[in-house]
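# Coordinate inspection notes
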Amino acid sequence: MANLSLQHIFKRYPGGVEAVKDFNLEIKDKEFIILVGPSGCGKSTTLRMIAGLEEITEGELYIGERLVNDVAPKDRDIAMVFQNYALYPHMTVYDNMAFGLKLRKTPKDEIKRRVEEAARILDISHLLQRKPAALSGGQRQRVALGRAIVREPKVFLLDEPLSNLDAKLRAQMRTEISKLHLRLGTTFVYVTHDQTEAMTMGTRIVVMKDGIVQQVDSPQKLYEHPVNMFVAGFIGSPQMNFVDAKLLEEKGTFFVEFGSEETKNREAVKYKIKLPESKNYRDCLVPYIDKEVVFGIRPEHVHDEPQFLEKLTDGIVETTVEVTELMGAEKYIYTVCEGQTLNGRVAPTSTCRAGDVIKIALDPEKIHIFDKETQKTITD
């Protein structure tokens with residue numbers, strides 16, 4: 001097993017395009033690290049540099065204590081699982097899984113032992129004599145994982161391995177890969193653009209944007225304490241609501257105010273939401289008094305149930321419902337308040353419909369305040 005160290009890694013392509021910029025990360029032995037971000041953010045490029053499939057332009061990569069910048073992929077003691085499975089169509093499942101070991105001149109009895117053990121772990125023992133064309137997508141993905149397992153590598157690299165599967169199978173394979181990680185006790189580095197995969201599988205998550213690491217943290221800390229608006233909006237589904245507002249202070253109490261100005265045809269409608277005194281915001285908020293900020297609140301902290309309207313009196317606003325989506329165990333409501341969207345995840349018993357004007361309660365304890373220019377978190 002091994003730890004990884006990526007120190008000031010850059011990837012530049014001809015023409016000056018920087019795909020990865022000053023990437024720094026220490027990965028502990030047996031960790032499950034997720035690289036997540038939108039398409040083109042540099043996560044797959046980073047993974048391919050770890051694998052040796054892309055040359056590192058600048059910086060140092062260590063696997064264990066060994067500098068591997070100039071080490072060939074086959075000598076790095078890693079195994080990679082690709083998005084498209086990359087199975088040989090003319091070979092049986094057994095031969096696909098054994099192929100890498102045969103190239104290494106591994107004894108036949110050892111190959112047989114490893115392949116059968118991996119097949120047992122992945123529950124594909126009954127498929128060993130089939131060819132890939134006779135397998136479902138989920139079965140092919142298990143074979144690709146099995147081919148990696150038999151190598152007994154120090155590090156597993158997985159590049160969006162579930163993106164070709166349907167939703168139900170993806171959920172099932174997420175669980176299987178998490179169990180596999182625990183069983184093998186090996187370091188996993190996993191790339192995805194799906195934040196649900198990231199939140200449910202990773203020990204730590206690396207959020208990337210435009211080749212730059214935005215935040216590295218546990219799933220819970222990313223959710224509760226995002227460092228900027230990008231991370232706050234990327235983690236969570238539906239994404240966090242962002243509202244342009246003004247920060248006010250009255251007699252030592254802070255408020256965020258938003259709404260419209262008075263015009264000839266319409267009276268001004270302003271909402272002031274009192275920020276909780278229980279949080280020690282003063283030092284970080286004082287520089288922003290009477291300035292424009294952005295406040296964020298997650299849909300699960302937006303409520304239309306009577307008990308919350310009675311309890312959260314400091315955060316009640318009136319909104320117009322545009323769309324509702326019943327998801328079974330919950331209901332998504334998409335509303336507009338003074339020209340700004342405020343979406344909620346509420347109880348499935350909610351009776352609101354499109355076109356209704358309703359009151360909703362925003363939980364002040366769950367509000368995040370961001371600098372409007374830098375988009376960095378002011379409070380967490």
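Let me begin by describing the structure that accompanies this report. Quick caveat, the model's predicted, so the values are computed rather than measured. (Residues numbered from 1 in each chain as written. Predicted model: local features only at pLDDT ≥ 70, side-chain atom pairs only at ≥ 80, totals over all residues. Heavy atoms only, no water.)

### Re the nonpolar core
Ile34, Met97, Val115, Leu145, Leu158, Ile177 and Tyr190 are the most contacted members of the largest nonpolar core, which totals 47 residues. Counting residues per element, this core draws most heavily on helix H3 (residues 108-122), at six residues. Those residues in contact with Leu145 that sit more than four places away from it in its chain are Val81, Leu122, Leu158, Met173, Ile177 and Leu180. (Core = buried A, V, L, I, M, F, W, Y, C linked by side-chain atoms within 4.5 Å. Buried < 20%, exposed > 50% of the residue type's maximum accessible area, 1.4 Å probe, protein only. Helix = DSSP H or I, 4+ residues; strand = E, 2+ residues; numbered from the N terminus. Contact = heavy atoms within 4.5 Å.)

### Here we look at the layout of surface pockets
As a volume, the largest pocket reaches approximately 550 Å³. Looking at the lining of the largest pocket, the elements that each hand over two or more residues are strand S6 (78-81), helix H2 (93-103) and helix H4 (137-149). Within the lining of the largest pocket, the residues separate by chemical class into 13 nonpolar, one polar and four charged. Each pocket or cavity is described by its volume, and for the second largest pocket that value is around 200 Å³. (1 Å grid on protein atoms, 1.4 Å probe; cavity = no way out; pocket = protein on both sides within 12 Å on 5 of 7 lines; lining within 4 Å. Points joined across faces, edges and corners; volume = space filled by probe spheres on them. Nonpolar A, V, L, I, M, F, W, Y, C, P; charged D, E, K, R; others polar.)

### Some remarks on the sheet that holds strand S5 (residues 66-67)
Where strands meet in a sheet, backbone hydrogen bonds hold them as pairs that are either parallel or antiparallel. The four strands are arranged S2-S1-S4-S5 in an open sheet whose pairing can be described as antiparallel. In the strand order of this sheet, the two ends are held by strand S2 (17-27) and S5, each with one partner. In the sheet, strand S4 (residues 58-63) pairs with S5 via two bridges, with the strands oriented antiparallel. The residue of S5 that forms the bridge with Ile63 is Arg66. (Pairing = 2+ DSSP bridges.)

### Regarding the side chain of Asp363
Along the chain, Asp363 turns up in the loop between strand S19 (357-362) and strand S20 (368-371). One buried charged residue, Asp363, remains without a salt bridge, the closest side chain of opposite sign being Lys366 at 5.6 Å. Within the local environment of Asp363, its side chain forms a polar contact with the backbone nitrogen of Glu365, the two atoms lying 3.1 Å apart. Apart from the residues within four sequence positions on either side, Asp363 is in contact with Ile297, His301 and Leu312. (Lys, Arg positive; Asp, Glu negative; His and termini not counted. Salt bridge = Lys/Arg side-chain N within 4 Å of Asp/Glu carboxyl O. Polar contact = N/O pair within 3.5 Å; in protein donor to acceptor, adjacent residues only side chain to side chain.)

### Observations concerning the environment of Val17
Relative to the elements of secondary structure, Val17 occurs in strand S2. Setting aside residues no more than four positions away along its own chain, Val17 makes contact with Lys11 and Arg12.

### So, H3
Compared with an ideal rise of 1.5 Å per residue, which puts 15 residues at 21 Å, H3 spans 21 Å between its outermost C-alpha atoms and is within 8% of the ideal. Against the buried residues of H3 lie H2, H4 and helix H5 (167-184). Taken from the residues just after H3, Asp123 is the one with a positive phi, measuring 60°. (Expected span 1.5 Å × (residues − 1).)

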